[in-house]
Amino acid sequence: MLRLLGRHFEGLSSRRVPVRNDALSPGDIAARLPERAPRHAREFDKILRDVEDVIFPGLTHWQHPRFMAYYPSSTSVPAILAETLIAGSGVVGLQWAASPAATELEVRVMDWLAEMIGVGGDFLHTSGRGGGIIQNTAGEAIANIMVAARVEKQRQLLFGDVPQSELTQDQREETYYADSSRLVAYMSDQSHFSGPKAVRVAGMRLRTVAARLDSADGSYGLRPDDLAAQIREDRAQGLIPCAVQLNYGTTNTSSNDEIESFGQLASEEGLWLHVDAAYAGASWILPQFRPRTAAVERVADSFNFNGSKWFLCGFDSAFLWVRERKLLQAVFAASGPYLAQRDPEAAAGVDPDAPTTQIYDTEFKDWSVPLGRRFRSLRVWTVLNYFGVEGLQAALQSTIDLADDLRGRLESESSLFDVPVTTELGLVVFSVRGGDEATRKVAEDLLGDGKGEGSFLVYPSQLQGKTIIRVALGGALTDSGDIDLFWQRLVAAAKSVQEQG
Ligand code: PLP
């Protein structure tokens, strides 16, 4: 199997394998698979042959050096090998006793990561107050947070100063089913659609506020005064502000909301302040971006970033931190008599001077919907050990250098390209002079017939009603040679559409 993977990666890194097999139509792969499950056991070699001959050729290769669509889903050798160990161990870390190392590694790794990005205080497990948890995806993390924000708001509305821990079971139930149709969650119109989805899951109203182009940093961000105006309007209609989701690194243009400037408004209005940094949060490990996390530490109630996008940890590693774990536990804590019984003091919650037994006895099943959990922390721990902080910093910096190089080239060819927004990190955004159709045509030309070695996968997107192309760098195999060829092909395609137009 490792040999198969080796051949697979050799094909990608030699650029012989196309980034996407464009000759495929829906149903082509299924047509090559039997309609029913095999009646008899098959030899493993034959199974692997099918993987190599039928299944892998039907993949869009996210690890291909010329995959530049969406955001990267970067993996690495240690992540891949650790994934095998996880599957091999086959443990389900639903509570400490179910697999002590699974819980303790997750606690330790989340505190390591927080420290790496410069966030401490309440967000550390060792504070006894908050902490981090690994979730499957950012969308899932944000949905959990929105539900917790709703329930906490209901507690405040119904029971004022009585803390969660002092509510009776009946009162707690009321915080779950109380009518939330007047509660509102806010975010900018640049937020990822996971944000609105999370609000829907939580059963609240959504208000999106238009982001504005900031002349100082050239990115599209939400302004506190625009949010305040919307809140005033909503309050006048009898609605109740509940939460705000801020962006650090929007999907479309890697834009930032000015996080610190929302702190006062959030506390005056009683908003749960969540920061979605799914893509860009990885950059916080770089010294030049670390100061930005001071604002997160000061004003956020929770934040997330993905280890799977641009952090070499592979998929299924969405990091989420909360300032007050008890607000997640208020929603998600659940137990059954068949579970290992805990020390009653630990079960009552962690106090700030908690002995380590309480910190490491965290029951992650009580922080989100699923009971069973994969041993994801082993993969993250392996990646952190394998690269070290410096190795990860070098990988991220090299992406930024490639992106800066491409941005510079685009800006220098202003007769061919327009750069409508200042993007940061590994994302480059531009349009082709000549209109939306020209931009779309160039994106298609870059893919070509999908077969050639010079084929690049980028998708057009929309920004303020105009078609743009997003080039999302960050794949572990992409290097300067890819940028050179991308540039050559891009200039040729742009000139050709301009001549035709
Ligand atoms: N938030 C942002 C800013 C994103 O860019 C994305 C995906 O690209 C998401 C959330 C959703 O990520 P996930 O697939 O982990 O749910």
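In what follows, the structure referred to is the one given above.
Let me sum up the structure you'll find in this document.

Looking only at helices and strands, one finds 17 helices and 13 strands in the chain. Along the three orthogonal principal directions, the C-alpha set of the chain runs to about 70 × 60 × 45 Å. Per-residue burial over the chain gives 52% buried out of 501 residues. Counting only contacts in the chain whose residues sit at least 6 apart along the sequence, the fraction spanning at least 24 positions is 73%. With the model as given, the accessible surface of the chain reaches about 22100 Å², and the carbon-plus-sulfur share is 53%. Computing the positive centroid from 50 side-chain charges and the negative centroid from 65, the chain places the two 5 Å apart.

Strand order in the open sheet formed by seven strands is E1-E9-E8-E7-E6-E2-E3, and the pairing between neighbours is mixed. On the outer flanks of this sheet lie strand E1 (131-135) and strand E3 (205-209), each paired with one strand and no other. Each strand of the sheet is rotated relative to its neighbour by a mean of 20 degrees, with strand direction disregarded. With five bridges joining them, strand E6 (residues 240-247) and strand E7 (residues 272-276) adopt parallel strand pairing. Across the sheet, Ala 243 pairs through a bridge with Trp 272, a residue of E7.

Let us look at a nonpolar patch on the surface. A cluster of nonpolar side chains, namely Leu 2, Val 77, Leu 81 and Tyr 386, defines an oily patch on the protein surface of about 420 Å² accessible area. You can see Tyr 386 is positioned in helix H15 (residues 376-412). The class for Tyr 386 is exposed, based on a relative accessible area of 54%.

In this section: the pattern of salt bridges. Pairs can form between side chains of opposite charge whenever their charged atoms are close. One pass over the structure, following the stated rule, counts 31 salt bridges. The closest approach of N and O atoms between Asp 234 and Arg 207, which form a salt bridge, is 3.0 Å. Here Arg 207 lies in strand E3 and Asp 234 lies in helix H8 (residues 224-236), a separation of 27 residues in the sequence. Asp 234 sits in the buried class, given a relative accessible area of 1%. Counted as one network, the salt bridges with shared partners bring together Glu 83, Asp 316, Arg 374, Arg 376 and Arg 379.

Next up on the list: the sheet that holds strand E13 (residues 466-472). Two orientations exist for strands paired in a sheet by backbone hydrogen bonds: parallel and antiparallel. Across the sheet, which stays open at both edges, the four strands sit in the order E10-E11-E13-E12 with antiparallel pairing between neighbours. What marks the edges here is a single partner per strand, and that holds for strand E10 (417-418) and strand E12 (459-463). Summarising the sheet, strand E11 (residues 427-432) and E13 pair through four bridges and their orientation is antiparallel. Residue Phe 430 lies in a different strand from E13, and its bridge partner there is Ile 469. The strands touched by H15 within the sheet are E10, E11 and E13, with E11 carrying the most contacts at an inclination of about 20 degrees.

For the rest of this paragraph, the subject is the nonpolar core. Counting residues in each nonpolar core, the largest one holds 65 residues, and the members touching the most others are Leu 113, Leu 227, Leu 273, Phe 303, Phe 311, Phe 319 and Trp 321. With six residues, the top contributor of residues to this core is H15. Setting aside anything within four residues of it in sequence, one finds Leu 113 in contact with Phe 311, Phe 319, Trp 321, Val 380 and Leu 384. Grouped together as the second largest cluster of nonpolar side chains are 32 residues, Ala 148, Val 151, Ile 240 and Leu 328 included.

Below, the discussion takes up the environment of Val 119. Mapping Val 119 onto the fold places it in the loop between helix H4 (100-116) and E1. Ignoring any residue separated from it by four or fewer positions in sequence, one finds Val 119 in contact with Ala 114, Leu 124, Thr 293, Glu 297 and Phe 303.

For the rest of this paragraph, the subject is helix H3 (residues 77-89). End to end, H3 covers 18 Å across 13 residues, agreeing with the expected 18 Å (1.5 Å per residue, within 8%). Those residues of H3 not exposed but buried are Pro 78, Ala 79, Ala 82 and Ile 86. End-on view of H3: buried residues confined to an arc of 90 degrees, all on one side of the axis. For H3, the exposed residues set more than 90 degrees away from the buried face come down to Val 77, Ala 87 and Gly 88. Those residues of H3 that are buried lie in contact with H15. Downstream of H3 by a residue or two, Gly 90 has a phi angle that is positive, lying close to 60 degrees.

Time to look at the packing of aromatic side chains. Tallied over the entire structure, the rule returns 20 aromatic pairs. With 5.6 Å between their ring centres and 50 degrees between their planes, Phe 417 and Trp 487 make a pair best called tilted. Taken together, the residues span a long stretch of sequence, with Phe 417 in strand E10 and Trp 487 in helix H17 (residues 480-500) at a distance of 70 residues. The aromatic ring of Tyr 71 is capped on one face by Arg 470, whose charged end is 4.8 Å from the ring centroid.

Our next topic: the site of the ligand. Close to the ligand lie Tyr 71, Thr 137, Ala 138, Gly 139, His 192, Ser 194, Gly 249, Thr 251, Asp 276, Ala 278, Asn 306 and Lys 309. One of the side-chain N or O atoms of Thr 251 is found 2.7 Å from an oxygen atom in the ligand. Asn 306 places a polar side-chain atom, nitrogen or oxygen, 2.9 Å from an oxygen atom of the ligand.

Turning next to the pairing of E11. Looking down a regular strand, the side chains alternate between one sheet face and the other. Within E11, six of the six residues are buried, which leaves it mostly tucked inside the rest of the structure. As paired strands, E10 and E11 are joined by two bridges and run antiparallel to one another. Opposite Phe 417, over in E11, you have Val 432 as the bridge partner.

For the rest of this paragraph, the subject is the packing of helix H5 (residues 138-159) against helix H12 (residues 325-332). Axis separation between H5 and H12 bottoms out at 9 Å; the angle between their running directions is 90 degrees. As far as their axial angle goes, H12 and H5 are roughly perpendicular. Contact with H5, carried on its side by Asn 144, Ile 145, Val 147, Ala 148, Val 151 and Glu 152, involves Leu 327, Leu 328, Val 331 and Phe 332 of H12 and no other residues of that element. Looking at the contact of H5 with H12, its residues break down into eight nonpolar, one polar and one charged.

For the rest of this paragraph, the subject is the packing of H5 against helix H6 (residues 169-177). A packed helix pair is summarised by two numbers, namely the angle formed by the two axes and the spacing between the axes. Between H5 and H6, the shortest axis-to-axis distance is 8 Å and the interhelical angle comes to 120 degrees. As far as their axial angle goes, H6 and H5 are oblique. Here H5 runs over H6; the crossing is right-handed. The residues of H6 that touch H5, namely those facing Arg 150, Val 151, Gln 154, Arg 155, Leu 158 and Phe 159, are Gln 171, Glu 174, Thr 175 and Tyr 176. When its residues are assigned to classes, the contact of H5 with H6 shows four nonpolar, three polar and three charged.

Calculation notes
- Residues numbered from 1 in each chain as written.
- Predicted model: local features only at pLDDT ≥ 70, side-chain atom pairs only at ≥ 80, totals over all residues.
- Heavy atoms only, no water.
- Helix = DSSP H or I, 4+ residues; strand = E, 2+ residues; numbered from the N terminus.
- Buried < 20%, exposed > 50% of the residue type's maximum accessible area, 1.4 Å probe, protein only.
- Contact = heavy atoms within 4.5 Å.
- Areas by Shrake-Rupley, 256 points an atom, 1.4 Å probe, with all protein chains shown as cover.
- Lys, Arg positive; Asp, Glu negative; His and termini not counted.
- Charge placed at Lys NZ, Arg CZ, Asp CG, Glu CD.
- Pairing = 2+ DSSP bridges.
- Axes fitted to C-alpha atoms, helices over the stretch in contact; angles between N-to-C directions.
- Patch = residues over 30% accessible without salt bridge, like charges linked within 9 Å, V, L, I, M, F, W, Y side chains within 5 Å.
- Salt bridge = Lys/Arg side-chain N within 4 Å of Asp/Glu carboxyl O.
- Core = buried A, V, L, I, M, F, W, Y, C linked by side-chain atoms within 4.5 Å.
- Expected span 1.5 Å × (residues − 1).
- Arc of directions from axis to C-beta.
- Phe/Tyr/Trp six-rings, centres within 6.5 Å; stacked < 30°, edge-to-face > 60°.
- Lys NZ or Arg CZ within 6 Å of the ring centre and 35° of its normal.
- Near = heavy atom within 4 Å.
- Polar contact = N/O pair within 3.5 Å; in protein donor to acceptor, adjacent residues only side chain to side chain.
- Parallel < 35°, antiparallel > 145°, perpendicular 65-115°, else oblique.
- Nonpolar A, V, L, I, M, F, W, Y, C, P; charged D, E, K, R; others polar.
- Left-handed = near helix turned anticlockwise from the far one by under 90°.

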